[in-house]
Amino acid sequence: EQEEAASAGVSFKFGRRPSLRFGKLLRIDFRARFQTDFRSFSPELEEDLFELARARVSIEGDFLNGKFEYEIEREVRETRYPWRDVYVNFRHFRRLQIQAGKFKEPFGLEQLTSSSRLDFVYRALISKYLAPARDIGVTAHGRLFKRGLNYQAGVFKQDGENARAEDG
């Protein structure tokens, strides 16, 4: 009985990131990401030496005993597309998951990989123009053969943020 009461209670944990938990019903993790660049020149140039390249806040987690996971991420700086990822993923079956909302379209490994997991922070310029980036849609994805084969297939509203013509 005590174990059931503890699993249904509200708790706050501070592990890798702050996390609010409502038993096994709901988990909310709070995140913030900042990336800055600093440059120095000799002789000095009339150029910005400090740049805030990324400033993002997000919540992510799961609910209903992990059957659903979600993420809501927004860029704090002024940018053309401030909402980054806003999605829900149904993951009751590991081999077939359904994700809906705004997220990266399944195209281009370099675009699908987080910049924090790349050797270089900036991606190749060709990847920016070829890969569609984020858009609103639905995708089916999963892993088969003991993670030997990953698949993703989706339907999206448009061709992604990278495909849209720049104002100018």
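One can find the structure itself at the top, above this paragraph.
This is a predicted model, so every value here is computed, not measured.

This part takes up the overall build of the protein chain. Summing up its helical and strand segments, the protein chain has three helices and nine strands in all. Seen in sequence order, the protein chain has helices and strands lined up from the N terminus as α-β-β-β-β-β-β-β-α-α-β-β. Among the 168 residues that make up the protein chain, the fraction classed as buried is 26%. Summarising the internal contacts of the protein chain: among those between residues at least 6 apart in sequence, 40% fall at separations of at least 24.

A few words now on the pairing of strand β6 (residues 83-90). Strand direction decides the pairing type here: strand β5 (residues 68-75) and β6, joined by six bridges, are antiparallel. In the sheet register, F68 faces β6, and the bridge partner there is F90. Here β6 folds back onto strand β7 (residues 97-104), and the loop between the two strands holds six residues.

On to unusual backbone geometry. The residue L64 is not glycine, and still its phi comes out positive at about 55°. Counting through the fold element by element, L64 comes out in the loop between β4 (50-63) and β5. With a relative accessible area of 40%, L64 lands in the partly exposed category. A positive phi angle is found at N65, which is not glycine, with a value near 60°. Residue position: N65 is located in the loop between β4 and β5.

This part covers the sheet that holds β7. Taking strand neighbours across the sheet as the criterion, the nine strands line up as β1-β2-β3-β4-β5-β6-β7-β8-β9 in an open arrangement whose pairing is antiparallel. Lying at the two open borders of the sheet, with one neighbouring strand each, are β1 (10-14) and β9 (149-156). Within the sheet, the average angular offset between the axes of one strand and its neighbour, ignoring direction, is 15°. Where β6 and β7 come together, five bridges link them in antiparallel fashion. Its bridge partner lying in β7, F90 is registered against I98.

The tally for this structure, following the rule as stated, stands at six aromatic pairs. Seen in terms of ring centroids, F68 and F90 are 5.1 Å apart; in terms of plane orientation they differ by 50°. Their pairing is tilted. One end of the pair, F68, is in strand β5; the other, F90, is in strand β6, and 22 residues separate them in sequence. With relative accessibility at 27%, the residue F90 sits in the partly exposed group. Seen from their ring centres, F90 and F93 are 6.4 Å apart, and the 75° between their planes marks the pair as edge-to-face. One aromatic cluster is present, formed by F63, F68, Y70, F90 and F93 through successive ring pairs.

The next point concerns the pattern of salt bridges. Applying the stated rule across the entire model yields nine salt bridges. For D29, the salt bridge identified is with R27, shortest N-O distance 2.3 Å. In this structure D29 comes out as buried when scored by relative accessible area, which is 5%. It is possible to trace a salt-bridge network through shared partners that takes in R27, D29 and D62.

Looking now at the environment of K157. Relative to the assigned elements, K157 resides in the segment after β9. K157 sits in the exposed class, given a relative accessible area of 61%. Apart from residues no more than four positions distant in its own chain, K157 is found in contact with D135 and I136.

So, how was this worked out
Residues numbered from 1 in each chain as written. Predicted model: local features only at pLDDT ≥ 70, side-chain atom pairs only at ≥ 80, totals over all residues. Heavy atoms only, no water. Helix = DSSP H or I, 4+ residues; strand = E, 2+ residues; numbered from the N terminus. Buried < 20%, exposed > 50% of the residue type's maximum accessible area, 1.4 Å probe, protein only. Contact = heavy atoms within 4.5 Å. Pairing = 2+ DSSP bridges. Axes fitted to C-alpha atoms, helices over the stretch in contact; angles between N-to-C directions. Phe/Tyr/Trp six-rings, centres within 6.5 Å; stacked < 30°, edge-to-face > 60°. Salt bridge = Lys/Arg side-chain N within 4 Å of Asp/Glu carboxyl O.

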